[in-house]
Amino acid sequence: MADKMALAKAINESLRRALESDPKVLIMGEDVGKLGGVFRVTDGLQKDFGESRVIDTPLAESGIVGTAIGLALRGYRPVVEIQFDGFVFPAYDQIVTQLAKMHARSLGKVKLPVVVRIPYGGGIGAVEHHSESPEALFAHVAGLKIVSPSNASDAYWMMQQAIQSDDPVIFFEPKRRYWDKGEVNAEAIPGPLHKAQVVREGTDLTLAAYGPMVKLCQEVADAAAEEGKNLEVLDLRSVSPLDFDSIQASVEKTRRLVVVHEAPVFFGSGAEIAARITERCFYHLEAPVLRVGGYHAPYPPARLEEEYLPNLDRVLDAVDRSLAY
Amino acid sequence: MTVESTAARTPRRSAGSKAGTTGTKRTRTTAKKDAGTEPQLVQLLTPEGKRVKNAEYDKYVAGITPEELRGLYRDMVLTRRFDAEATSLQRQGELGLWASLLGQEAAQIGSGRATREDDYVFPTYREHGVAWCRGVDPANLLGMFRGVNNGGWDPNSNNFQLYTIVIGSQTLHATGYAMGVAKDGADSAVIAYFGDGASSQGDVAESFTFSAVYNAPVVFFCQNNQWAISEPTEKQSRVPIYQRAQGFGFPGVRVDGNDVLGVLAVTRWALERARGGEGPTLVEAFTYRMGAHTTSDDPTRYRGDEERQAWEAKDPILRLRRYLEASNHADEGFFQELEAESEALGKRVREAVRAMPDPDHFAIFENAYADGHTLVDEERAQFAAYQASFADEGGN
Ligand SMILES: Cc1ncc(C[n+]2csc(CCOP(=O)(O)OP(=O)(O)O)c2C)c(N)n1
């Protein structure tokens, strides 16, 4: 039953299924209609579901998220698209001060099942504000759930689960993996949304990543295998909540952990992972938890992004450093 | 007003809703334009190149000389040539992206030439013609599109701010700058450029509020090129954009954005108001984006050819040429010389771009802070050690 499809197409199919199965699901955003979004993730949906289900919005992110909150208060389940990572900030106020907090403020009476889709990350040679990884800025805020699939199957299933969730979910889509194909089985029974997955078993060291960096870590593990090192790769899938149990289980086995993400290392999700895993696994660890990520610098112009982004060499370097302890 | 009230009385069923449960008679997602309610444009030159009288605005271009008219023509031709060159450089892989201004030359040159040297310009990312008027070297505009920097010029050397990609942000900066100008008692003016789509942003509404409340000497120059990527202006506003100013308490005017003389006159009027302490003005230049939104966009997905053809008949450059010829303000020699100049500009830009070096790797760590930062120093040192490890292995 499994079909091979690109990650972007998997999200498209997932949104289609959600629109079909629940009349309360709405798609909203800039250019999501006729154009099908600048990445074509919503391609064909307006044609099939009409302008009242797949809504081209005015060019106003605060408006998009703010009205989605209102629609959710009225019983709808909006899935909104922010065109690029760097353009979520006009909506940041609505997300952080309103979307995240209303459930708590209403003593649990109000549910806001809003999904905010954000294509994120670099590696596509874009101009500024089109390559950022702001997940930590959201993870710091209680009330939001944050996920990021790394492959087509997860993209399909995690989107279904995000839409069904009664909590607001920030759905970070790894834009540089949009065109990567993978198997999608629409009849499978998916695992829980916030559970990490071991995507490669290993014994010598754990590489933990999510979204665009999972594929890189698999390549790193391949390269390391040629040097006789046996690395485990963990796809975290969810940034908030973080599945510390799975990380702990892996680290108790391998005794070493390297966390890889594109976002700046400073105050990034790797910092949180390093701190908690150090608490949980202090006596198991043979080396400090290491992190590989972006620098404390504005995302650089396209011609420098290869230097800025974690790559095979930088991760292998960290692996070597960890193993050297 | 009729636009609003008529539309509200004619509910339409939403088209093609599959699940159908959310479409009610109140759901009306497409704004309909009513015939006959289109506002009058200020126009001094018709598409045929005929000079038409305008009681209010003629005086702002009354003394214009044939030489100045030829200058406006030259500006538009060279700007279009530069833009075409950048588009082909993108196709050749020399630029990562390009946002073309094709069709918007009159809006940009007319308004750009209306500014004074001490005025300050806040552009978005498509204002190549305005940059030209401000004396910014066109090659400098290409750095960010090539991916070698995120800006590329000193805003203060030409009073031309860096391009702004986040839609609408710069209108607030312009307003604040103008508030500063007023505080200083200076008589310069500020002009902020933005698109019809941008008019939906909260920042733009807030800039209208602030500029009105503080009577800031700022001109909001909206190039309504009819589209915000795939969304037509009707998806941003139910009233013509210039009319929005009224609700904030300052005047708005719509000018034919393809008429360089009309734009020059209207912008001069608005800038003079600003300088004279009369506060903000909204100018809506009604124009058309002839090409794609950017080189990444595919306009065939959302609009047909007929629209573009209709606008081609209103081409800003052709219109001024017709006028120059009919009034004997320019001879064949002028056009030929300009053709040669145009080719030379294209060549110069091409060479400049190809010669543009990739930035030094350490540029990543530069200029995030003015005073420096210990973490940046530490990361730079780690980066240096990492780079050096390749050198040791004979790489790099
Ligand atoms: C805050 C923000 N949201 C989304 C975008 C993506 N985007 C870039 S240009 C554009 C359309 C802009 O339309 P308009 O304001 O009419 O200007 P035009 O490009 O037509 O001149 C969009 C949606 C952005 N740059 N900034």
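Residues numbered from 1 in each chain as written. Chains lettered and ligands numbered in written order. Predicted model: local features only at pLDDT ≥ 70, side-chain atom pairs only at ≥ 80, totals over all residues. Heavy atoms only, no water.

- Looking at an unreviewed UniProt entry, chain B carries the name Pyruvate dehydrogenase (Acetyl-transferring) E1 component subunit alpha, with the source organism given as Streptomyces qaidamensis.
- As recorded by UniProt, the Cofactor (unreviewed entry) comment attached to chain B reads in full: "thiamine diphosphate". (UniProt positions renumbered as here; feature names shortened; annotations may be inferred.)

- Named according to an unreviewed UniProt entry, chain A is Pyruvate dehydrogenase E1 component beta subunit originating from Streptomyces collinus.
- What UniProt records for chain A under Cofactor (unreviewed entry) is the sentence "thiamine diphosphate".

**Overview of the site of the ligand**
Here is step 1 of the chain: Taken together, the neighbourhood of the ligand is formed by 20 residues, with Glu61 of chain A together with Tyr125, Arg126, Ile165 and Gly197 of chain B sitting nearest.
Here is step 2 of the chain: In this structure the ligand sits where residues from chains A and B come together.
Here is step 3 of the chain: Within the contact set of the ligand, an oxygen atom lies 3.0 Å away from a side-chain nitrogen or oxygen of Asn225 of chain B.
Here is step 4 of the chain: In the model, an oxygen atom of the ligand is placed 2.8 Å from a nitrogen or oxygen of the Trp227 of chain B main chain.
Here is step 5 of the chain: Within the complex, the protein chains bury 95% of what would otherwise be the 580 Å² of accessible surface of the ligand.
Here is step 6 of the chain: Judged by the fraction of its atoms near the pocket grid, the ligand is located in the largest pocket.
Here is step 7 of the chain: Partitioning the shell around the ligand into residue classes produces ten nonpolar, six polar and four charged. (Near = heavy atom within 4 Å. Polar contact = N/O pair within 3.5 Å; in protein donor to acceptor, adjacent residues only side chain to side chain. Areas by Shrake-Rupley, 256 points an atom, 1.4 Å probe, with all protein chains shown as cover. 1 Å grid on protein atoms, 1.4 Å probe; cavity = no way out; pocket = protein on both sides within 12 Å on 5 of 7 lines; lining within 4 Å. Sits in = over half its atoms within 2 Å of the grid points. Nonpolar A, V, L, I, M, F, W, Y, C, P; charged D, E, K, R; others polar.)

**Regarding the pairing of strand S7 (residues 281-286) of chain B**
All names here are of chain B.
Here is step 1 of the chain: The buried fraction of S7 is high, at six of six residues.
Here is step 2 of the chain: With burial as the criterion, each face of S7 is covered, one bearing Thr281, Val283 and Ala285 and the other bearing Leu282, Glu284 and Phe286.
Here is step 3 of the chain: Relative to S7, strand S3 (residues 218-224) runs parallel, the two being bridged by six bridges. Within S7, the position partnered with Gln223 by the bridge is Ala285.
Here is step 4 of the chain: Inspection of the sheet shows strand S6 (residues 252-256) paired to S7 by five bridges, in the parallel sense. Within S7, the position partnered with Arg254 by the bridge is Glu284.
Here is step 5 of the chain: Where the polypeptide runs from S6 across helix H11 (residues 260-275) and back to S7, its parallel neighbour, the crossover connection is right-handed. (Buried < 20%, exposed > 50% of the residue type's maximum accessible area, 1.4 Å probe, protein only. Helix = DSSP H or I, 4+ residues; strand = E, 2+ residues; numbered from the N terminus. Pairing = 2+ DSSP bridges. Right-handed = clockwise from strand over helix to strand, strands pointing away.)

**Describing the domain arrangement of chain A**
Residue and element names in this part refer to chain A.
Here is step 1 of the chain: Parsing chain A into structural domains produces domain 1 (2-185) and domain 2 (197-324).
Here is step 2 of the chain: Facing 27 residues of domain 1, the contacting portion of domain 2 comprises 24 residues.
Here is step 3 of the chain: Here domain 1 meets domain 2 over a buried area of about 1800 Å², counting both sides, of which 49% is carbon and sulfur.
Here is step 4 of the chain: Inspection of the domain 1/domain 2 interface yields three salt bridges.
Here is step 5 of the chain: Asp154 is the salt-bridge partner of Arg237, the closest N and O atoms lying 2.8 Å from each other.
Here is step 6 of the chain: Taken together, the connections running from domain 1 to domain 2 amount to 13 residue pairs in polar contact (both at pLDDT 80 or more).
Here is step 7 of the chain: Taken together, the elements giving at least two residues each to the side of domain 1 that touches domain 2 come down to helix H6 (135-139), strand S6 (145-147) and helix H7 (152-164).
Here is step 8 of the chain: A per-class count over the side of domain 1 that touches domain 2 returns eleven nonpolar, nine polar and seven charged. (Domains from an automatic or database assignment. Contact = heavy atoms within 4.5 Å. Buried area = accessible area lost by both parts, 1.4 Å probe. Salt bridge = Lys/Arg side-chain N within 4 Å of Asp/Glu carboxyl O.)

**So, the interface of chain B and chain A**
Here is step 1 of the chain: Taken together, the 56 residues of chain B in the interface contact 48 residues of chain A.
Here is step 2 of the chain: Summing both partners gives a buried area of about 4300 Å² for chain B against chain A, and 57% of it is carried by carbon and sulfur.
Here is step 3 of the chain: For the salt bridge of Lys235 of chain B with Glu51 of chain A, the shortest nitrogen-to-oxygen distance reads 3.7 Å.
Here is step 4 of the chain: Put simply, chain B and chain A have 17 residue pairs in polar contact (both at pLDDT 80 or more) between them.
Here is step 5 of the chain: The element contributing the most residues to the side of chain B that touches chain A is helix H15 (residues 374-392) of chain B, with seven residues.
Here is step 6 of the chain: Its residues placed into classes, the side of chain B that touches chain A shows 24 nonpolar, 21 polar and eleven charged.

**Section: empty space enclosed by the protein**
Residue and element names in this part refer to chain A.
Here is step 1 of the chain: Under the criterion given, the structure shown has three cavities of 30 Å³ or more.
Here is step 2 of the chain: Taken as a whole, the second largest cavity spans an internal volume of roughly 40 Å³.
Here is step 3 of the chain: Lining of the second largest cavity is provided by Tyr120, Ser133, Glu135, Tyr210, Pro212, Met213, His261 and Glu262.
Here is step 4 of the chain: A breakdown of the residues in the lining of the second largest cavity according to their chemical character gives four nonpolar, two polar and two charged.
Here is step 5 of the chain: Looking at the lining of the second largest cavity, you find at least three residues from each of domain 1 (2-185) and domain 2 (197-324). (Points joined across faces, edges and corners; volume = space filled by probe spheres on them.)

**Structural notes on helix H4 (residues 89-99) of chain A**
Because an α-helix completes one turn every 3.6 residues, residues spaced three or four positions apart along the sequence face the same direction.
Here is step 1 of the chain: Buried within H4 of chain A are the following residues: Ala91, Gln94, Ile95, Val96 and Leu99 of chain A.
Here is step 2 of the chain: In this structure, the buried side of H4 of chain A is in contact with helix H3 (61-73), helix H5 (102-105), strand S5 (115-120), H6 and strand S7 (169-174) of chain A.

**As for the side chain of Ser199 of chain B**
All names here are of chain B.
Here is step 1 of the chain: Within the secondary structure, Ser199 sits in the loop between strand S2 (190-195) and helix H9 (202-213).
Here is step 2 of the chain: Ser199 gets classed as buried once you look at its relative accessible area, which sits at 7%.
Here is step 3 of the chain: In contact with Ser199, other than residues within four places in its own chain, are Phe194, Val204, Gln236, Ile241 and Arg244.

**A look at the environment of Glu232 of chain A**
Here is step 1 of the chain: Among the secondary structure elements, Glu232 of chain A is positioned in strand S11 (residues 231-235).
Here is step 2 of the chain: In terms of polar contacts, Glu232 of chain A uses its side chain to reach the side chain of Ser250 of chain A, at 2.9 Å.

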